[in-house]
Amino acid sequence: MSFYTNLDLKSQYKNMKRRDFIKRTAVISAVGLTGGFSLVSLLGKNKKHYFRPPGALEENQFLAACIRCGKCIQDCPYDTLKLGSLEDGINIGTPYIDFRDVPCQMCADVPCIAACPTTALNHDLKDVNKSNMGTAVITDREACLSLNGIRCEICYRVCPLNNKAITLDKHEQSITKRHTVFEPIIHKEFCTGCGICENACPLDKTAIKVLPTERGDKAAHYILLREQQT
Ligand code: SF4
Ligand code: SF4
Ligand code: SF4
């Protein structure tokens, strides 16, 4: 059996205080020295992806450049842009899009960019369709009405770039062999990520979603489905 002397306990306590002090000092200096950018990464446990207005910089750069003035939100004629709230953590005060609520109409004159007084939104963007906000993906193939042989195809019909960004592939239903399926196929090289299809899907839980571009390819689609099922 071992006994701690008062001296041992005192020195352990001192060591603990010293470790605690070093840790706190490291955090405070990291915030102090590197400013908001590091604060973002320190608080960056928030993994939710926010879709930003067209022309937005890469997320960390965007968060550093955006001064939370809300001018892009004010000037959007469709009320597409929302203001990040307190519960959104690091997103507070920044503009984001919820496609299921209001999609982006990809205005040719891009008023949101014109209104931005900083470089958070790319003022050199000439063609809004090249802003690459994301890529639509059929995320729930089991629920998609068209894939179940029902003539829905709403996502195809509402797409402003249909027959380019989204086409219909006509084929026989593999189980019944009697029905024809009109499968919506998204072509990521043309899809702008406007979210009009996601907004229009008539299911309670949409079967088509805009994903961040790096996840919006077919492989990522299956990974996403696996993630949802596990
Ligand atoms: S492109 Fe038009 S609809 Fe889309 S966010 Fe900008 S102003 Fe709003
Ligand atoms: S206008 Fe620019 S700086 Fe202002 S909130 Fe919008 S993106 Fe941020
Ligand atoms: S997000 Fe949907 S509606 Fe918009 S271009 Fe892509 S497929 Fe078409």
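Residues numbered from 1 in each chain as written. Chains lettered and ligands numbered in written order. Predicted model: local features only at pLDDT ≥ 70, side-chain atom pairs only at ≥ 80, totals over all residues. Heavy atoms only, no water.

Colleague: Which residues make up the pattern of salt bridges, and what values do they have?
Modeller: This model, assessed by the stated rule, comprises 5 salt bridges. Among the salt bridges present, the one from E59 reaches R52, with a minimum N-O distance of 2.7 Å. Taking relative accessible area as the criterion, E59 reaches 26% and is therefore assigned partly exposed. D101 serves as the salt-bridge partner of K82, at 2.5 Å between the closest nitrogen and oxygen. Of this pair, K82 sits in strand 1 (residues 81–83) while D101 sits in the loop between strand 2 (95–97) and helix 4 (111–115), and the two are 19 residues apart along the sequence. Judged by its relative accessible area of 42%, D101 is partly exposed. (Salt bridge = Lys/Arg side-chain N within 4 Å of Asp/Glu carboxyl O. Buried < 20%, exposed > 50% of the residue type's maximum accessible area, 1.4 Å probe, protein only. Helix = DSSP H or I, 4+ residues; strand = E, 2+ residues; numbered from the N terminus.)

Colleague: Can you explain the site of ligand 1? Please cite residues and give values.
Modeller: The environment of ligand 1 is made up of P54, C76, P77, Y78, T80, L81, C104, Q105, M106, C107, P111 and C112. Partitioning the shell around ligand 1 into residue classes produces 10 nonpolar, 2 polar and no charged. (Near = heavy atom within 4 Å. Nonpolar A, V, L, I, M, F, W, Y, C, P; charged D, E, K, R; others polar.)

Colleague: A description of the nonpolar core should follow, citing residues and the corresponding values.
Modeller: Counting residues in hydrophobic clusters, the biggest one holds 26 residues, and the most contacted among them are L81 and I97. When contributions to this core are tallied by element, the ones reaching two or more residues are helix 2 (59–65), helix 3 (71–75) and helix 4. Counting residues per element, this core draws most heavily on helix 2, at 3 residues. Formed jointly, this core draws a minimum of three residues from each of two domains, domain 2 (59–129) and domain 3 (134–229). Once residues lying within four places of it in the same chain are set aside, the contact partners of I97 are F51, R52, P53, T80, L81, V102, C104 and M133. In this structure, A165, C197, C201 and I208 belong to the second largest nonpolar core, which totals 17 residues. (Core = buried A, V, L, I, M, F, W, Y, C linked by side-chain atoms within 4.5 Å. Domains from an automatic or database assignment. Contact = heavy atoms within 4.5 Å.)

Colleague: Mind laying out the site of ligand 2, listing which residues take part and the relevant values?
Modeller: Looking at ligand 2, the residues that line it are F62, C66, I67, C69, G70, C72, P95, C116, P117, T118 and L121. Taken together, the residues of the shell around ligand 2 break down into 9 nonpolar, 2 polar and no charged.

Colleague: A description of the packing of aromatic side chains should follow, citing residues and the corresponding values.
Modeller: A complete count under the given rule lists 2 aromatic pairs for this structure. Above the ring of F182, the side-chain terminus of R151 is found at 3.7 Å from the ring centroid. (Phe/Tyr/Trp six-rings, centres within 6.5 Å; stacked < 30°, edge-to-face > 60°. Lys NZ or Arg CZ within 6 Å of the ring centre and 35° of its normal.)

Colleague: Requested: an account of the side chain of T94, with residues and values cited.
Modeller: Position of T94 among the secondary structure elements: in the loop between strand 1 and strand 2. With a relative accessible area of 0%, T94 lands in the buried category. In terms of polar contacts, T94 uses its side chain to reach the side chain of R52, at 2.9 Å. Looking at T94, its side chain comes within polar contact range of the side chain of N91, at 2.4 Å. Residues contacting T94, with those up to four places away along its chain left out, are R52, F62, L63, C66, R68, K82, L83 and G84. (Polar contact = N/O pair within 3.5 Å; in protein donor to acceptor, adjacent residues only side chain to side chain.)

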